[in-house]
Amino acid sequence: MAHNTKDLSFKQSWLTHLVLIVACLVISAPLLLAIIKSTQISSDVYSSKLLIGTAFIDNLQKAWVQAHLGRYLLNSFIVTILVTVGKTVLSLLAALAFVFFRFPLKGVAFALVLLSLMLPTEVLIIALFDFVSRDLKWADTFTAIIVPFLASATGVFLFRQHFMNIPVSLADAARIDGCGPFKFLTAILVPMSWNTIGALAVIQFVYVWDQYLWPLVIMQNDQKQVIQVGLRKLIDVGGQTDWGTVMAGTVLAILPPLIVFMALQKQFSSGFALADEK
Amino acid sequence: MLATKRGAYLNSSSTNTIKPRKIKNKRSGAPEERATFKSPIVPWLLLFPTLLILTAFIYYPAIKTLLLSIYQANLILNTQRFVGIGNFTDLLSSPAYQQVALQTLVFTVLTVGIGLLLSLSLAYLASRPIRGAQYYRLLLIFPYALSPAIAGTLWLFLFNPDIGLVNRFLEPLHLARRWLDDPFLAFGLVTVAAIWKGLGYNVVFYLAALQNMPTDVLEAAEIDGANASQRFWRIIFPLLTPMTFFLVFTNIISALFDSFALTDILTRGGPAYHNAGITTFLIYQLYEDGFINFKIGTAASQAALMLLLVAGITILQFSLGERKVHYGS
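Residues numbered from 1 in each chain as written. Chains lettered and ligands numbered in written order. Predicted model: local features only at pLDDT ≥ 70, side-chain atom pairs only at ≥ 80, totals over all residues. Heavy atoms only, no water.

1. Some words on the nonpolar core
Counting residues in each nonpolar core, the largest one holds 192 residues, and the members touching the most others are A:Phe100, A:Ile126, A:Phe163, A:Phe184, A:Trp214 and B:Leu140. If you tally residues by element for this core, the top one is helix 4 (residues 69–100) of chain A, at 15 residues. Composition of this core by domain shows at least three residues from each of domain 1 (10–56) and domain 2 (60–275) of chain A. Setting aside residues up to four positions removed in sequence, B:Leu140 forms contacts with A:Leu20, A:Ala23, A:Cys24, A:Ile27, B:Leu122, B:Ala126, B:Gly200 and B:Val203. (Core = buried A, V, L, I, M, F, W, Y, C linked by side-chain atoms within 4.5 Å. Buried < 20%, exposed > 50% of the residue type's maximum accessible area, 1.4 Å probe, protein only. Helix = DSSP H or I, 4+ residues; strand = E, 2+ residues; numbered from the N terminus. Domains from an automatic or database assignment. Contact = heavy atoms within 4.5 Å.)

Written out as C-alpha cells, the structure reads:
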C-alpha cells in the first residue's frame, strides 16, 4: 500500500496477520522441507527429523556425478537464454513494424500473430513432432527446442502496447532528424523500453526454463536433455531413488528462475498489469 | 486507463525507483494514425522472422493435426486411409476417453474454482494496510517461479506412501495413508498440488488489480456506512470482474496443459480406476497414445479435439470479454 496510508493497528489486523502467516507457511512448506532434506544424510532424509544437516554438498555432488545434473543445468541455461533473447529481439522488430509503419495487409499480419495465442504447443505436439523430427530431421538437437519457440505473441503485444504510449511527436522528430527505423529502434525505443523488456524476460525465462513435454518427446539424447526432464531421470536413477540427492538437484533447479524472478519482480508485476489489458 | 493503472501500481509499491511514464493516448489508439515510417518492404522484413516461425511451427502443425485426425495412418506400411470423422466417433464413444474427459472437467473446475477463491482471499488480505505486507506478498507469489515438474517432484517426495515425509509425521497418529495408490486420495492430491502451483500467478494478478482500486469509491462507501463485507462483495468483487474473468481463462488453459508435468512425475496418470488412470487428463492421454502406444491416428484426433476446445475457449473469452465485463474506469 502507499506510504501515506497508515497501517492498521494490531487490534484491527491480528486476524489478517494470523491467516497470512499460516498461508505463507503452508505455501512455503514443500520448498522449505525440500531445502532441509537436501542437506541431510540418507538415513535422516527418510526420518521425520527437521534439522539442517551437513550433507548438502555430498548430495549435490552425487546428483552432479551420477545423474548429469550439471549437464542438464547447462543445457537449460543455453536453451533458455537463447530463446529469451531471440523472443525479445523478434518481438521488438515485429512491434516496430506494427506501430510505426503503415503497410498493406497489416490487419492480416496482426491477426496471424494474435491467433497464435490460441494454439499452445501441447495441442500441436503430434504434428509438430512429425514435422520437426521427420521433415526437418532436428530430433536430438538444440535447434529443435530453440527455433520453434523464437516467436512470441505475448512479446509482440507487450511491446506494441508500450510503443503506442510513446508520443508520436518523438517518432516524427526522430524521422525528420534523419533517423531510420533501425536507428530509431536501437537509439530511442530500446532505451525507453527496459521495464517492458525486463517484464518479458521474466515471463519468457520462466516459461522456457519450465518447458517439459516438448523436450521430453523430441530429445532422446540424454546429453542434451534439459533440467525439467532431467529431474524425472534423477528420480528414476538406479531404481532406488536417493531423495536427498533428488532434493539437492531440485533446489538447484529452482534457483535460476527464482533469482530472475526476484531480481525483476517489479518489472514483472507491472508487465503483468499491462498484459491483462490485451 | 492502462497508464493510470500501471502508474498507480508502481506508486503503491514501496521501494520502487521506476517513474510512471507520462502517457497521452488512451488504450488502443488506432495504430494507423501513429505510423511514422512509410515503406512497403521494411515492415515485412521486420515481421518476416516472427511470421515464418509462427507459420512453420504453429499454423502448419495445426493444419497437419486436423488433417491427420481424419486419416487412419499405418506407420508400418506408411499408408493413410481417409476415415473422415471415424476417429472422432471412435474416440468419443470410448468409455476410457469419456472418463478421462470427465476427470479433466472435474479437475479443471476444482483447481480453477478453489484456486481463484483462495488467491483472491489471500491477495485481499495481503493488500490491506498492515505491517510487513510486502513480505507476505513476496511469500505468496514466489511459487510462480516453480515449474510444474518441480512441483511434482516436491509433492512426490512429501506424499510418497513408503518414504514420504507426510506419512512419517502421520504414522505416530496412525493416520498414514497410501496417498498415491488410493484413487480418490491421488486425485485430491494432484488437485491440491495444482492449486498450490497456480497460487503465485493468480495472487500477482489480483494484487495488481486490488492496488489499483479507485480509493474514492471505497471511501465513499465507508462514509455511507457500508461494512467490510458489503464493501468487499458490493464494490471490490464487481470491480475485480475483468481480472477474475481473465484469470478464469488462463487458469483453464493451465489446468489443461500444465497439469502434464505435474501428473507425469507425481502419478504417471495412475492409479487405475474403472476404465482409465484417475489422474490421466486429456493431455496425458494424448501423450500416452501418441508417444508411448504409438497410436498416431487416435492421438491426432485427440489433439484436434483439444485444438478445437482451446480455440472455442479463446473465442468465448474474446466475445464474452467485450460485453459482459466491467472494465473499471
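Okay, back to it.
2. So, the packing of aromatic side chains
Under the criterion given, the structure shown has 35 aromatic pairs over all chains. Here the aromatic rings of A:Phe77 and A:Trp209 are separated by 5.2 Å at their centres, their planes lie at 65°, and the arrangement is edge-to-face. Highlighted residues: A:Phe77 in helix 4 and A:Trp209 in helix 11 (residues 194–210), separated in sequence by 132 residues. Taking relative accessible area as the criterion, A:Trp209 reaches 1% and is therefore assigned buried. Relative to B:Phe260, the ring of A:Tyr212 lies with its centre 5.8 Å away and its plane at 55°, an arrangement referred to as tilted. Note that A:Tyr212 is positioned in the loop between helix 11 and helix 12 (213–218) and B:Phe260 in helix 12 (residues 259–266), a pairing that runs across two chains. Each of the two residues, A:Tyr212 as well as B:Phe260, counts as buried. An aromatic cluster is built from A:Phe100, A:Phe101, A:Phe159, A:Phe163, A:Phe184 and B:Phe37, whose rings are joined through pairwise contacts. (Phe/Tyr/Trp six-rings, centres within 6.5 Å; stacked < 30°, edge-to-face > 60°.)

3. Considerations on helix 3 (residues 56–66) of chain A
All names here are of chain A. Residues Asn59, Leu60 and Ala63 constitute the buried set of helix 3. One side of helix 3 carries all its buried residues, which in axial view fall inside an arc of 100°. Helix 3 presents Ile57, Val65 and Gln66 as exposed residues on the side facing more than 90 degrees away from its buried surface. The inward-facing, buried residues of helix 3 contact helix 1 (10–37), helix 4, helix 13 (227–236) and helix 14 (243–263). Directly after helix 3, the chain includes His68, whose backbone phi takes a positive value near 55°. (Arc of directions from axis to C-beta.)

4. Remarks on unusual backbone geometry
Leave glycine aside and you will find that most residues have negative phi; peptide bonds, for their part, are mostly trans. Here A:Leu105, not a glycine, exhibits a phi torsion of approximately 65°, which is positive. Its location among the elements puts A:Leu105 in the loop between strand 1 (101–102) and helix 5 (106–115). In this structure, B:Phe294 takes a positive phi of about 50° despite not being glycine. Within the secondary structure layout, B:Phe294 lies in the loop between helix 13 (282–292) and helix 14 (296–323). By relative accessible area, which is 54% here, B:Phe294 ends up exposed.

5. With respect to the environment of A:Ile52
All names here are of chain A. Checked against the element boundaries, Ile52 lands in the loop between helix 2 (42–45) and helix 3. Residue classification places Ile52 among the exposed residues on the basis of a relative accessible area of 57%. Sequence separation between Ile52 and Lys37 is 15 residues, and the spatial gap between their C-alpha atoms is 7.5 Å. If sequence neighbours within four positions are ignored, Ile52 has contacts with Ile36 and Thr39.

6. Focus on the confidence of the model for chain A
A low pLDDT score tells you not to read the predicted coordinates there in detail. A residue-level look at chain A finds 93% of positions with pLDDT of 70 or above and a mean pLDDT of 86. Low pLDDT (under 50) marks residues 274–278 of chain A, which in the prediction has 16 contacts with non-local residues, meaning those over four places away or in another chain. (pLDDT = per-residue confidence, 0-100.)

7. Here's the deal with the interface of chain A and chain B
Contacts between the two partners involve 120 residues from chain A, matched on the other side by 112 residues from chain B. Summed over both partners, the interface of chain A with chain B buries about 11,100 Å², with 74% contributed by carbon and sulfur atoms. Here chain A and chain B share two salt bridges between them. Counting the contacts that link chain A with chain B gives 10 residue pairs in polar contact (both at pLDDT 80 or more). Here the side of chain A that touches chain B takes 17 residues from helix 1 of chain A, the largest share from any one element. Tallied by class, the residues present in the side of chain A that touches chain B amount to 83 nonpolar, 19 polar and 18 charged. Sheet analysis places strand 1 of chain A next to strand 1 (residues 37–38) of chain B, joined by two bridges and oriented parallel. Paired with A:Phe101 across the bridge in strand 1 of chain B is B:Phe37. (Buried area = accessible area lost by both parts, 1.4 Å probe. Salt bridge = Lys/Arg side-chain N within 4 Å of Asp/Glu carboxyl O. Polar contact = N/O pair within 3.5 Å; in protein donor to acceptor, adjacent residues only side chain to side chain. Nonpolar A, V, L, I, M, F, W, Y, C, P; charged D, E, K, R; others polar. Pairing = 2+ DSSP bridges.)

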